[in-house]
Amino acid sequence: QVQLVESGGGLVQPGGSLRLSCVASGRIISINDMGWYRQPAGKERELVATIGSGGSTYYGDSVKDRFTISRDNAKNTVYLQMNSLKPEDSAVYYCTARLRSIISTTRRDYWGQGTQVTVSS
């Protein structure tokens, strides 16, 4: 069916950088919005950034001026470049995409498996 696979998570020091990638695969007809959410330990999941099919972007207040979301439509891939990382950025990061697949007559939301990002000295 449809699968979103993430990569790039890991352990980094405060002030460091990390780039997350997420590839959508399967019987996909078209992809509309793509985005990233994160869920710190013991807290609710929050929106990090989104990017529309035309390239418009949105960022949560906590990551503005530090994170950059981008996409490569030819590769069905969305990226999240994270700079100036802080300990409070530590969370499980989830990729999401709103898309239409060959098995659905309507658009549906799909989620990646999540990747751990830990910012610590």
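Just so you know, these numbers come straight off a predicted model, no measurement behind them.

Draft legend 1. Spatial organisation of the overall build of the chain. Along the backbone of the chain there are zero helices and 11 strands. Radius of gyration (C-alpha) of the chain: 14 Å, near the 14 Å computed for a compact globule of 121 residues. Oriented by its inertia axes, the alpha-carbon framework of the chain measures out at about 45 × 25 × 25 Å. Here the contacts in the chain between residues at least 6 apart in sequence split such that 55% fall between residues at least 24 apart.

Draft legend 2. Layout of the side chain of Ser104. With respect to the secondary-structure elements, Ser104 resides in the loop between β9 (91-101) and β10 (108-111). Accessibility expressed as a relative area gives 8% for Ser104, which makes it buried. Within the structure, the side chain of Ser104 is placed 2.7 Å from the backbone oxygen of Thr106, a separation counted as a polar contact. Only 3.3 Å separates the side chain of Ser104 from the side chain of Arg108, close enough to count as a polar contact.

Draft legend 3. A nonpolar patch on the surface, seen in detail. Together, Ile29, Ile102 and Ile103 line one region of the surface with nonpolar side chains, adding up to about 320 Å² of accessible area. The class of Ile29 is exposed, set by a relative accessible area of 55%.

Draft legend 4. Up close: the pattern of salt bridges. Applying the stated criterion across every chain yields a total of five salt bridges. The partner of Glu46 in a salt bridge is Arg38, and the shortest N-O contact between them spans 2.7 Å. Given a relative accessible area of 31%, Glu46 falls into the partly exposed group. With relative accessibility at 3%, the residue Arg38 sits in the buried group. The structure contains a network of salt bridges with shared partners spanning Arg38, Glu46, Arg66 and Asp89.

Calculation rules
Residues numbered from 1 in each chain as written. Predicted model: local features only at pLDDT ≥ 70, side-chain atom pairs only at ≥ 80, totals over all residues. Heavy atoms only, no water. Helix = DSSP H or I, 4+ residues; strand = E, 2+ residues; numbered from the N terminus. Rg over C-alpha atoms; globule rule 2.2 N^0.38 Å. Contact = heavy atoms within 4.5 Å. Buried < 20%, exposed > 50% of the residue type's maximum accessible area, 1.4 Å probe, protein only. Polar contact = N/O pair within 3.5 Å; in protein donor to acceptor, adjacent residues only side chain to side chain. Patch = residues over 30% accessible without salt bridge, like charges linked within 9 Å, V, L, I, M, F, W, Y side chains within 5 Å. Areas by Shrake-Rupley, 256 points an atom, 1.4 Å probe, with all protein chains shown as cover. Salt bridge = Lys/Arg side-chain N within 4 Å of Asp/Glu carboxyl O.

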